[in-house]
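Chain by chain, the residues run as shown.
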There are 2 protein chains.
Amino acid sequence: MRAADTTLAVVDADLTFMDQALALAARGVRGANPLVGAVAVGRDGAVLATGWHRGAGTSHAEADAIATAAREGTDLAGATMYVTLEPCNHTGRTGPCAQALIAAQVSRVVYAIDDPHAAASGGAETLRAAGIEVVKGVRSDEATELNRRWLGAVSSRRPFVTLHLAQTLDSRIAAEDGTSQWITCPQSLADNHATRSLIDAILVGSQTVAVDNPRLTARDTDGSLLAHQPLRAVMGLRDVPEGAAVRGTDGKFVHLRTQDPAEALETLFSLGVRHVMVEGGARIIAAFLGASLVDELIVYQAPTILGSGKNAVSDIGVHTLADAQHWDWDESDGGAVRRLGNDLRLHLFPAAAPATTLSSKEIH
Amino acid sequence: MRAADTTLAVVDADLTFMDQALALAARGVRGANPLVGAVAVGRDGAVLATGWHRGAGTSHAEADAIATAAREGTDLAGATMYVTLEPCNHTGRTGPCAQALIAAQVSRVVYAIDDPHAAASGGAETLRAAGIEVVKGVRSDEATELNRRWLGAVSSRRPFVTLHLAQTLDSRIAAEDGTSQWITCPQSLADNHATRSLIDAILVGSQTVAVDNPRLTARDTDGSLLAHQPLRAVMGLRDVPEGAAVRGTDGKFVHLRTQDPAEALETLFSLGVRHVMVEGGARIIAAFLGASLVDELIVYQAPTILGSGKNAVSDIGVHTLADAQHWDWDESDGGAVRRLGNDLRLHLFPAAAPATTLSSKEIH
């Protein structure tokens, strides 16, 4: 049987097992990594092992399923592996999945959508070259929808953008006299630092550097540096002072001399950044929101009121309520709304389409 | 035995049963009504019936316990009634509790704190005159703390003030062009109207009347009027146009020609208003917050961003972060943070004292 034929050999069971893989994928953490699920099925149709991707730095879904099978002494030789994304061909923080599948002696791989990363793609070819039957395109619409935001960032060749806001109930990020440390509680700060330790870069405006002189490192609650440190990127035309804390001494600093968020992201992408967290200030926040270049929004909201001072978000080009930016609650990863100490942590992603107009019930 | 002696006759069992009454009280809905609990105990120390107050228009705690006993055929003759607030002596929306206790033939009433309402107090005297032994002051500190906000409003002879905010994620209540209908979703609007149907008055600024021409009635989702309609109060120096919807035709309208929230509340109190909800606009909201005249805050927050337009809260006299107003999450009545349709509903009350300064962990 030739590869050209097998790509069409989709049977009902394939749809069923791919649905199962998609359900597993959805257990993962949405964000800068794709949601991927995998199901290994024996020749008799029995599920032998399952897996899913739990976020940056953890096993890919198919590697997770293979590891589970190994732990349980289950032989995957001759099995079919269903996976929602083309197995990768590269060695990143985890080994290439195509090689792991070959080593596990599976005889068939069914996947939903191609891996859009140039460095990762080619997994299907590698598998075929090793004599494994490969079927692609099963439940591709569903898999695409599941990873809409991630695919969008990858296909536009820019980093995935997380926007971080730490605000009062009345959405202020600094009081009238400029004081802003700290709006949010220690638990929110710790959560923010944990996120910093998972991403490739943090970005702030040069105005924020001038005013707050932040270090932008990822630190533990005792102040010690966490294992992974993101690149510290400062954006804006203003010079970054020689003595600015953000420069550090580890070389993980870059000044992006632009006011255009798209240009900043392009440069970061060329530097290898695939996930950046924008932390402020207000002008930078508005620039990214206004350009619709935010993939994920994390808001820490303290139960305090200032009444004046700096608004978290300034002009984003919206002048009337009908044009307001709509966001959806992201229920993955512990829920869209969580209490952190005395604050609320809100997790949102851009709504796919403008929300339908509310019925004008005239009940004011 | 004379009344003068019995006031000191507190035994361990009294403390235990009053604690139980306080726990029942806490089940009620915090707000413009006191939290009250009641426990009826037989001569043998057995609990015969319990009750608590469930909010405006529902039975008082002791009446609730008496009704429960009656339903279950339990005779309260000779029993002791423990109640966290002095039994009322007046006939409001429910009958006077002192008379109900006399009719139930209880022989002893133990209560924690006096009823501060002039119209309601005197219950203890009425009971004593009927030959019932009355003990007061048991667990008075705990009962006072439980009803701190309510007692504060009553003792200052002003209505209890609920502040209503309907805002975007970035705390805007109108877009740049003035459009504001509707920031929040139909479920939030319905919740707001349900609250309107429980209170004595709604208050808005004359500017809001000029711009939005709201009706301020309490309406069902089909637009029909709910059974109870609050007084519609407009505050400010600007005239309320003859044709303004807020005037209505039912006579439940008042124009308070003042810009001073304390003066507005004094007038409302003299009109019999014991619970008012302030609904806007921004200047009125800031005036009440700035004067620390808000007892309860209900925020409906839509997952939308405007970036410009009108801030929900303007200057409240706070210029530096250390002076920010702190609020506590109110977990009574279904939780401090709830999803209503696509919005969040936040429920807060003023923090008793400034929050302790956060340890400066220097983890920025």
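Just so we're clear, the structure is a prediction, and the values are computed from it rather than from any experiment. (Residues numbered from 1 in each chain as written. Chains lettered and ligands numbered in written order. Predicted model: local features only at pLDDT ≥ 70, side-chain atom pairs only at ≥ 80, totals over all residues. Heavy atoms only, no water.)

Draft legend 1. Highlighting the confidence of the model for chain A. Residue and element names in this part refer to chain A. Per-residue pLDDT for chain A has a mean of 89; in total, 91% of the residues score no lower than 70. Overall, residues 1-8 carries pLDDT values under 50, and its contacts beyond four positions in sequence, including any with other chains, amount to nine contacts. Ignoring residues within four places in sequence, the model shows residues 354-364, a span with pLDDT below 50, making 26 contacts including any to other chains. Overall fold confidence for the complex sits at a pTM of 0.79, while the interface term, ipTM, reaches 0.79. (pLDDT = per-residue confidence, 0-100. Contact = heavy atoms within 4.5 Å.)

Draft legend 2. Looking closely at the nonpolar core. In this structure, Leu203, Leu268 and Phe288 of chain A together with Leu203 and Phe288 of chain B are the most contacted members of the largest nonpolar core, which totals 90 residues. The residues touching Leu203 of chain A, leaving out its near neighbours within four places in the chain, are Ala233, Met235, Leu256, Ala264, Leu268, Val276, Met277, Val278, Glu279, Gly280, Ile284 and Phe288 of chain A. The next biggest cluster of nonpolar side chains, apart from the first, holds 44 residues, and it includes Ala49, Val110, Ile113 and Leu151 of chain A. (Core = buried A, V, L, I, M, F, W, Y, C linked by side-chain atoms within 4.5 Å. Buried < 20%, exposed > 50% of the residue type's maximum accessible area, 1.4 Å probe, protein only.)

Draft legend 3. Seen up close, the relation of the copies chain A and chain B. Expressed as a screw operation, the relation of chain A to chain B combines 0.1 Å of axial shift with a rotation of 180 degrees, fitting to an RMSD of 0.1 Å. Such a turn and shift between the copies fits a two-fold axis. Ranked by how close their C-alpha atoms come to the rotation axis, the residues of chain A are headed by Ser171 of chain A, at 2.7 Å. Mapped onto chain B, 100% of the interface residues of chain A again fall at the interface, so both copies present the same surface. (Least-squares fit on C-alpha atoms with pLDDT ≥ 70 in both.)

Draft legend 4. Spatial organisation of the pattern of salt bridges. Residues and elements named next belong to chain B. Tallying each qualifying case throughout the model produces 28 salt bridges over all chains. Measuring nitrogen to oxygen at the nearest pair gives 3.3 Å for the salt bridge that ties Arg128 to Glu125. In this pair, Arg128 and Glu125 both sit in helix 5 (residues 123-129), three residues apart, roughly one turn of the helix. Given the relative accessible area of 22%, Arg128 is considered partly exposed. (Salt bridge = Lys/Arg side-chain N within 4 Å of Asp/Glu carboxyl O. Helix = DSSP H or I, 4+ residues; strand = E, 2+ residues; numbered from the N terminus.)

Draft legend 5. Summary view of the environment of Ala174 of chain B. Residues and elements named next belong to chain B. Tracing the backbone through its elements, the reader meets Ala174 in strand 7 (residues 172-174). Exposure remark for Ala174: the relative accessible area of 8% places this residue in the buried category. Once residues within four sequence positions are removed from consideration, Ala174 is found in contact with Thr179, Ser180, Ile183, Leu306, Ser308, Gly309 and Lys310.

Draft legend 6. Highlighting the side chain of Arg158 of chain A. Residues and elements named next belong to chain A. Tracing the sequence through the fold places Arg158 in the loop between helix 7 (148-155) and strand 6 (160-167). Judged by its relative accessible area of 14%, Arg158 is buried. Here the side chain of Arg158 touches Asp295 through a polar contact of 2.8 Å, side chain to side chain. The residues contacting Arg158, other than those within four sequence positions of it, are Ala153, Leu265, Phe269, Leu293 and Asp295. (Polar contact = N/O pair within 3.5 Å; in protein donor to acceptor, adjacent residues only side chain to side chain.)

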